[in-house]
Amino acid sequence: MERTQIGDLRKHIGETVRIQGWLQTLRDQKKMQFLVVRDMSGLVQVVVEKAAMPDEAAVISGANVESVLTITGKVIDNPIVKLGGLEMQLESVRLDSKADAPLPLDPSAADLPAIDYRQDWRFLDLRRAENLLMFKVQTTVLMAMREFWVKDNFIEIQSPKLLGAPSESGAELFELPYFDRKAYLAQSPQFYKQMGMAAGFDGVFEIGPVFRADPSFTSRHMTEFTSVDMEMAYVESHEDVMAYQEKWLAYIIQRVKEAHGEEIKARFNADIEVPSLPFPRITMSEALAILKAEGYQVPPEKKGDIDPGGERVIGKYVKEKFNHDFVFLTDWPIAVRPFYHMRYADAPGITKSFDLLGKGLEITTGAQREHRYEMLAEQASEKGLNHEPIQFYLDFFKFGCPPHGGFGFGLSRFMMILLDIPNIRETVYLFRGPTRLNP
Ligand code: ATP
């Protein structure tokens, strides 16, 4: 008999069906057993009359919670049952995998252990309904991103993660032995997505892992994370990239709302609101003035950058002033931007760049890139970069390369703001941090 999803049982009232899943709870009474069985699609109560089925009842008594069972039984409409107004009457049971007792982490317990402990037992933690929903939502997010790009004829690329030269600054770089020399783990696909522009692909995107040897412990950093990157040709300025990104993001959120809005409200108490377009834009000099007016002091070592506390203040300001969750912070000073960001011809200290904040959290950095070889080489020198290891990159711009721009977007940061989850570790399948390489 084929497996029936528990969520589909209502279509099978009166029939005998086969379900497979986890034993979530067992009430083992004198004459009766009441099981709650869970699969990805839902929960169902299964009832067993012990006297009528002593062998089956013995199998069930011996199965601890979170064991995996295959059950056949008749689906009965029963309005007084809380779980969907139906139940199953057991006909046969098979214990496929017995769970040890006690569980190190009970996915159905009301009290959750601390996050670090839950990371140790992540596969059990992931059995919780909130987590299942989160990854269903993330799947929709990824699908929607791709849909949007594919519709616009973007090309999906997979760039190498083993590099001979660092693509960004030397800081936060993982180095590893590579035969008789050194290799580096990619901190971003930056150089290679720009190569797509030089290769004649009008739009490229990549969704893949990147690595940052950041030793800090924050609620928003990981040493390995999924970066969502795009680059588009023939932009006139970073404004074209922002205009593209906001449409892309609104589309993604619209898809999430359609597919999961109600369930997200029920499980996370988060309202999925499709943001209005355009998103507010604030230049960095305006942002610093706003922070000053709000009495927020950015730590002096930031040198024109904003710290997380400042981002939150801006996020709150934008919510109050524009009733918007998103804001583009534009026109960053060259000191805090990489050499490949294009600068204004009439204001060479300012880059044609932006960050996108969502609910006061940075989720994106983007810019128009410098595509003119001479300018780019000069900017690299000015930042003190040795050309030799990046000459292969500079060469991309020597033989015809369209003006272009793009952005990098942190998938897990986005999940945090989408579902109002305060810690990035909750949003990722398996967290990697300075002290975590397992499981
Ligand atoms: P931050 O200032 O928060 O450290 P960043 O300026 O180093 O971020 P970028 O290099 O611009 O970040 O990376 C692009 C995007 O990737 C960020 O906007 C963010 O969404 C995400 N991101 C960056 N670093 C991390 C990290 N360590 N863990 C998870 N996501 C990250």
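Heads up: the structure comes first, above all this text.
This one's a predicted model, so the numbers in the text were calculated from it and none came from an experiment.

Caption draft 1: Up close: the packing of helix H4 (residues 129-151) against helix H11 (residues 411-419). Look at H4 against H11: their axes get within 11 Å of each other, and the N-to-C directions meet at 120 degrees. The angle between H4 and H11 falls in the class oblique. The way H4 lies across H11 gives a crossing that is right-handed. Where H4 approaches H11, its residues Met134, Val137, Gln138, Val141, Leu142 and Met145 are matched on the opposing element by Leu411, Phe414, Met415, Leu418 and Leu419. Of the residues contributing to the contact of H4 with H11, the split by class is 10 nonpolar, 1 polar and no charged.

Caption draft 2: Geometry of the pattern of salt bridges. Overall, the coordinates contain 33 salt bridges when judged by the stated rule. Linking arginine 122 and aspartate 125 is a salt bridge whose minimum nitrogen-to-oxygen distance equals 2.8 Å. Linking arginine 122 with aspartate 125, this pair stays in helix H3 (residues 122-125), spanning 3 residues, or about one helical turn. Judged on exposure class, the residue arginine 122 and its partner aspartate 125 are both buried.

Caption draft 3: Broad picture of the nonpolar core. Within the largest apolar cluster, 53 residues are counted, with the highest numbers of intra-cluster contacts made by Val141, Met145, Trp149, Trp248, Leu249, Phe414 and Leu418. Residues within four places of tryptophan 248 in sequence aside, it is in contact with Met145, Phe148, Trp149, Val228, Phe407 and Phe409. Ranked by size, the runner-up nonpolar core spans 21 residues in total, among them Ile19, Val46, Ile60 and Met88.

Caption draft 4: Broad picture of the sheet that holds strand S6 (residues 155-156). Strand order in this open sheet of 8 strands is S6-S10-S11-S18-S17-S16-S13-S12, and the pairing throughout is mixed. If you trace the sheet from one side to the other, it starts and ends with S6 and strand S12 (281-283), each paired once. Relative to strand S16 (residues 353-358), strand S13 (residues 326-330) runs antiparallel, the two sharing 5 bridges. Residue pairing for S16: leucine 329 is matched across the bridge by aspartate 355. Sitting on the sheet, helix H5 (residues 190-198) touches strand S10 (203-211), strand S11 (224-233) and strand S18 (404-410), and the angle it makes with S11 is about 25 degrees.

Caption draft 5: Spatial organisation of the site of the ligand. Lining the immediate environment of the ligand, one finds 13 residues, of which His221, Met222, Glu362, Ile363 and Thr365 sit closest. Within the side chain of histidine 221, an N or O atom sits 2.6 Å from an oxygen atom of the ligand. At a separation of 2.9 Å, an oxygen atom of the ligand approaches a polar backbone atom of isoleucine 363. Out of a free accessible area of 580 Å², the ligand has 80% covered by protein chains. Put simply, the parts of the chain that give the shell around the ligand at least two residues each are strand S17 (361-368) and S18. The biggest single contributor to the shell around the ligand is S17, with 4 residues.

Caption draft 6: Representation of the environment of phenylalanine 174. The topology assignment puts phenylalanine 174 in the loop between strand S7 (162-163) and strand S8 (175-178). When the C-alpha atoms of phenylalanine 174 and alanine 345 are compared, they prove to be 36 Å apart, with 171 residues separating the residues in sequence. Phenylalanine 174 has contacts with Ala183, Tyr184, Leu185, Phe211, Arg212, Ala213 and Thr223, leaving out every residue within four places of it along the chain.

Caption draft 7: Quick peek at the pairing of S13. Counting buried residues in S13 gives 5 out of 5 residues, a clear majority hidden from the surface. Judged by which residues are buried, S13 turns out to be covered on both faces: Phe326, Phe328 and Thr330 on one side and Val327 and Leu329 on the other are all buried. Alignment of S12 against S13, held across 3 bridges, turns out to be parallel. Residue pairing across strands places isoleucine 282 opposite leucine 329, the latter belonging to S13.

Caption draft 8: Looking closely at the packing of aromatic side chains. On inspection of all chains with the given rule, the structure shows 25 aromatic pairs. Summarising the aromatic geometry, the rings of phenylalanine 148 and tyrosine 251 are spaced 5.5 Å apart at their centres and angled 50 degrees between planes, so their arrangement reads as tilted. Of the two residues, phenylalanine 148 is situated in helix H4 and tyrosine 251 in helix H6 (residues 238-268); the sequence distance between them amounts to 103 residues. Both rings, one in phenylalanine 279 and one in phenylalanine 326, keep their centres 4.9 Å apart while their planes meet at 15 degrees; by these two values the pair is stacked. Of this pair, phenylalanine 279 sits in the loop between H6 and S12 while phenylalanine 326 is found in strand S13, placing the two residues 47 residues apart along the sequence. Accessibility classification places phenylalanine 279 together with phenylalanine 326 in one group, the buried group. Members of the aromatic cluster, connected to one another through ring pairs, are Phe148, Trp149, Phe154, Phe205, Tyr244, Trp248, Tyr251, Phe407, Phe409 and Phe414. In this structure, arginine 127 is placed above the aromatic ring of tryptophan 22, and the distance from its NZ or CZ to the ring centre is 3.9 Å.

Rules of the game
- Residues numbered from 1 in each chain as written.
- Predicted model: local features only at pLDDT ≥ 70, side-chain atom pairs only at ≥ 80, totals over all residues.
- Heavy atoms only, no water.
- Axes fitted to C-alpha atoms, helices over the stretch in contact; angles between N-to-C directions.
- Helix = DSSP H or I, 4+ residues; strand = E, 2+ residues; numbered from the N terminus.
- Parallel < 35°, antiparallel > 145°, perpendicular 65-115°, else oblique.
- Left-handed = near helix turned anticlockwise from the far one by under 90°.
- Contact = heavy atoms within 4.5 Å.
- Nonpolar A, V, L, I, M, F, W, Y, C, P; charged D, E, K, R; others polar.
- Salt bridge = Lys/Arg side-chain N within 4 Å of Asp/Glu carboxyl O.
- Buried < 20%, exposed > 50% of the residue type's maximum accessible area, 1.4 Å probe, protein only.
- Core = buried A, V, L, I, M, F, W, Y, C linked by side-chain atoms within 4.5 Å.
- Pairing = 2+ DSSP bridges.
- Near = heavy atom within 4 Å.
- Polar contact = N/O pair within 3.5 Å; in protein donor to acceptor, adjacent residues only side chain to side chain.
- Areas by Shrake-Rupley, 256 points an atom, 1.4 Å probe, with all protein chains shown as cover.
- Phe/Tyr/Trp six-rings, centres within 6.5 Å; stacked < 30°, edge-to-face > 60°.
- Lys NZ or Arg CZ within 6 Å of the ring centre and 35° of its normal.

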